[in-house]
Amino acid sequence: MRGASGRPGSAGGRHSVPRVPETYPKFSSGAAKIRKPFPTKEMEMTMDSTDRRILEQLQRDAEIQVADLDRAAGTSTSSCWRRIQRLREAGVITRQVALVDPRKVNVGVTVFVAVKTSRHTPEWFERFRATAEAIPEVVEFYRMSGDIDYLLRVVVPDIGAYDAVYKRLTRGTDLADVSSSFTMQELKFTTALPLDYA
């Protein structure tokens, strides 16, 4: 498994970061499957510098051994374990996933799709959202302020595959304008969030 930095996870060690209960689905071969979110109590919590160090390490490598994590965080193994559990219960840590190289699964082309519409009824929005959510190539979907109404990030193998996505997206959704921009080079990509504001 790879963390947010793309580095392989640690192997071996005496203790590992707490796992998702066995009732949750495990990863299958091929593309990674997202595990169900951890059950949370929606509790409020105040994070200190130790919590932030733990999160920083886990965002880099979710499979880091607790024996290594507690040293990086400057706390004991038992305290580190409890803090991880508390972060999960509070909903700070929501799920544990595998990051897949898009090129290795033949979706190395990224397209940003800007959508404008003249329709803003709840019924239209629910239909458009359902359409976008049903397309697996749409990996991010946002409602925007400014000149465009919605922004989508789409991953595909080539222009032909994107054309099929475009037709599915626009079929029966009454869009005023759809503008597609293909990325030429990825300059930065990370799933790690900044923690200075926590």
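Fair warning: this is a prediction, and the values are worked out from it, not measured in the lab. (Residues numbered from 1 in each chain as written. Predicted model: local features only at pLDDT ≥ 70, side-chain atom pairs only at ≥ 80, totals over all residues. Heavy atoms only, no water.)

**Side note on the pattern of salt bridges**
The condition is simple: One side-chain nitrogen of Lys or Arg within 4 Å of one carboxyl oxygen of Asp or Glu is enough to make a salt bridge. Secondary structure elements are taken from DSSP: a helix is a run of H or I of four residues or more, a strand is a run of E of two residues or more, and numbering for both begins at the N terminus. Only protein chains enter the accessibility calculation, which uses a 1.4 Å probe; a residue is then buried when its area is under 20% of its type maximum, exposed when over 50%, and partly exposed in between.
The final tally for this structure, using the stated rule, is 10 salt bridges. Measuring nitrogen to oxygen at the nearest pair gives 2.9 Å for the salt bridge that ties Arg83 to Asp48. Linking Arg83 in helix α3 (residues 77–89) with Asp48 in the segment before α1 (49–60), this pair joins segments that are 35 residues apart in sequence. A residue is classified by how much of its surface remains accessible, and Asp48, at 31% relative accessible area, is partly exposed. One salt bridge in this structure joins Asp51 and Arg86, with 3.2 Å as the shortest N-O distance. Here Asp51, found in helix α1, pairs with Arg86, found in helix α3; they are 35 residues apart in sequence, far enough to count as distant. The exposure class of Asp51 is buried, given its relative accessible area of 0%. Here the residues in one salt-bridge network are Asp48, Asp51, Arg83 and Arg86, joined through shared partners.

**Here we look at the sheet that holds strand β3 (residues 150–156)**
Inclusion rule: Here a strand pair is declared whenever DSSP counts at least two bridges between the two strands. Orientation is described by lines fitted to C-alpha atoms, with helices fitted over the stretch in contact, and by angles between N-to-C directions that extend from 0 to 180 degrees. The contact criterion used throughout is that any non-hydrogen atoms of two residues lie within 4.5 Å.
In spatial order, the strands read β2-β3-β1-β4; together these 4 strands make up an open sheet with antiparallel pairing. A single partner strand is all that each edge strand has here, and the edge strands are β2 (138–143) and β4 (177–182). The sheet shows a mean angle of 20° between the axes of neighbouring strands, taken without regard to direction. The pairing of strand β1 (residues 109–116) with β4 spans 6 bridges and is antiparallel. Note that in β4 the partner of Val113 across the bridge is Ser180. Contacting β1, β2 and β3, helix α4 (residues 122–133) runs over the sheet at an angle of about 160° to β2. Contacts from helix α5 (residues 159–170) reach β1, β3 and β4, with the element oriented near 140° to β3.

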